[in-house]
Amino acid sequence: MVPQDVAASRIDARLTRVAIIRAVRDLVAVKGEGVSIREIADTAGVGSATLYRHFDGKKDLLDSVSMHRWSQMCHATQARAAAEPAAQGIRRVVGIIDMYTRMTTSDAQYIQALGLRVGHDPTGIGPLRDAFDPSFARLWAVAQERSEIRPAAHPNDAIEMAGAIRQSNRRLQMLTLLVAGIATPQIDPDKLVLELYLRDK
């Protein structure tokens, strides 16, 4: 069992890291790559020494938003893929896609400022994508076996299309259109996306 003070320290470290990542995202969205490490540290409310305990330097900081996004995607997908198969299906697939669209819309200005190809840049996301893809494919296969996703639809195509959704005011409409493209006729995409939206309210 992890001692309480150690557990609290780990939580503090995670919160600090997330604060730094959010500072990077917000500052890069406004200033681009020219943002300084000092500005990032000040915005995150940490000292330079603390920042360097979490990140190796400027490039590591600039990559951190994308790396964090894919780390979250990987964790969520593996957790859902490991859950009871009977509870899986298109709702789990669309839940992951929805999560991705939420992150890409919140990161839209950061993505634009750095000219990133979502799902491909930075190169450091490669191992995370390598872990994510088979887990997501397992969720996808279950939904196809249940005749909820079209046989010709491919999971990588869905993720590529989800990564292109950047307009927060149009996110739900675009997500619904994406779901309509992959779902079989027995699925009501409007209802499914609305259920996800209401669940997360």
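Everything quoted here is computed from the prediction, not taken from an experiment.

S.K.: Is there a simple way to explain the overall build of the protein in this structure?
M.R.: Tallying secondary structure elements over the protein gives 10 helices and 0 strands in all. Its C-alpha atoms put the protein at 55 × 45 × 30 Å along the principal axes. In the protein, which comprises 201 residues, the share counted as buried stands at 43%. For the protein, the share of sequence-separated contacts (at least 6 apart) that also reach a separation of at least 24 residues comes to 71%. For the protein, the accessible surface area stands at approximately 10700 Å², while carbon and sulfur atoms represent 53% of it. Each charge class in the protein was averaged separately, 26 positive and 23 negative side chains, and the resulting centres sit 3 Å apart.

S.K.: Would you explain the environment of S106 in this entry?
M.R.: For S106, the position within the fold is in helix α5 (residues 90-106). Considering only alpha carbons, one finds S106 and A76, 30 residues apart in sequence, at a separation of 18 Å. In terms of polar contacts, S106 uses its side chain to reach the backbone carbonyl oxygen of M103, at 2.9 Å. Of note is the side chain of S106, whose polar atom sits 3.4 Å from the side chain of D107.

S.K.: Looking at this structure, how should I read the packing of aromatic side chains?
M.R.: Each aromatic ring pair is described using two quantities: the centre-to-centre distance and the angle formed by the ring planes. Applying the stated criterion to the full structure yields 4 aromatic pairs. On the basis of an interplanar angle of 80° and a centroid distance of 5.3 Å, the ring pair of W70 and F132 is categorised as edge-to-face. Linking W70 in helix α4 (residues 58-81) with F132 in helix α7 (residues 126-145), this pair joins segments that are 62 residues apart in sequence. Under the relative-accessibility criterion, W70 is labelled buried at 0%. For F132, a relative accessible area of 0% puts it in the buried group. Ring geometry for F132 versus F136: centroids 5.3 Å apart, planes at 15°, classification stacked. Of this pair, F132 and F136 both sit in helix α7, 4 residues apart, which is roughly one turn of that helix.

S.K.: Please explain the pattern of salt bridges as it appears in this structure.
M.R.: Two side chains bearing opposite charge may form a pair once their charged atoms approach each other closely. Under the criterion given, the structure shown has 12 salt bridges. Put simply, K59 and D63 hold a salt bridge, and the shortest N to O gap is 2.6 Å. Taken together, the residues K59 and D63, both in helix α4 and 4 residues apart, mark about one turn of the helix. On the basis of relative accessible area, K59 is assigned to the exposed category, the value being 57%. For R171, the salt bridge identified is with D98, shortest N-O distance 2.7 Å.

S.K.: I'm lost on α4 in this one. Help?
M.R.: In an α-helix, one turn spans 3.6 residues, which is why side chains three or four residues apart end up on the same side. Helix length check: α4 (24 residues) gives 35 Å between terminal C-alpha atoms against 34 Å at 1.5 Å per residue, within 8%. S64 marks the point of greatest bend in α4, at about 45°.

S.K.: Would you explain the packing of α7 against helix α8 (residues 155-163) in this entry?
M.R.: In a pair of packed helices, the angle between the axes and the distance between the axes together describe the arrangement. Where α7 meets α8, the closest approach of the two axes is 9 Å, and the angle between their N-to-C directions is 115°. The orientation of α7 with respect to α8, classified from their angle, is roughly perpendicular. Taken as a pair, α7 and α8 cross one another with a handedness that is right-handed. Residues R129, F132, D133, F136, A137 and W140 of α7 form the contact with α8, whose own contacting residues are P155, N156, A158, I159 and E160. Across the contact of α7 with α8, the residue classes tally to 7 nonpolar, 1 polar and 3 charged.

S.K.: Mind showing me how you'd approach the packing of helix α9 (residues 171-182) against helix α10 (residues 189-199) here?
M.R.: Contact geometry of α9 with α10 gives a least axis separation of 9 Å together with a crossing angle of 135°. One element, α9, and the other, α10, form an angle in the oblique class. Read as a crossing pair, α9 and α10 show a hand that is right-handed. In this structure, α9 uses L172, L175, T176, V179 and A180 to contact α10, whose residues at the interface are P189, D190, L192, V193 and Y197. A breakdown of the residues in the contact of α9 with α10 according to their chemical character gives 8 nonpolar, 1 polar and 1 charged.

What counts as what
Residues numbered from 1 in each chain as written. Predicted model: local features only at pLDDT ≥ 70, side-chain atom pairs only at ≥ 80, totals over all residues. Heavy atoms only, no water. Helix = DSSP H or I, 4+ residues; strand = E, 2+ residues; numbered from the N terminus. Buried < 20%, exposed > 50% of the residue type's maximum accessible area, 1.4 Å probe, protein only. Contact = heavy atoms within 4.5 Å. Areas by Shrake-Rupley, 256 points an atom, 1.4 Å probe, with all protein chains shown as cover. Lys, Arg positive; Asp, Glu negative; His and termini not counted. Charge placed at Lys NZ, Arg CZ, Asp CG, Glu CD. Polar contact = N/O pair within 3.5 Å; in protein donor to acceptor, adjacent residues only side chain to side chain. Phe/Tyr/Trp six-rings, centres within 6.5 Å; stacked < 30°, edge-to-face > 60°. Salt bridge = Lys/Arg side-chain N within 4 Å of Asp/Glu carboxyl O. Expected span 1.5 Å × (residues − 1). Bend = angle between axes of the 7 residues up to and from the residue. Axes fitted to C-alpha atoms, helices over the stretch in contact; angles between N-to-C directions. Parallel < 35°, antiparallel > 145°, perpendicular 65-115°, else oblique. Left-handed = near helix turned anticlockwise from the far one by under 90°. Nonpolar A, V, L, I, M, F, W, Y, C, P; charged D, E, K, R; others polar.

Just distances and angles here, no functional claims.
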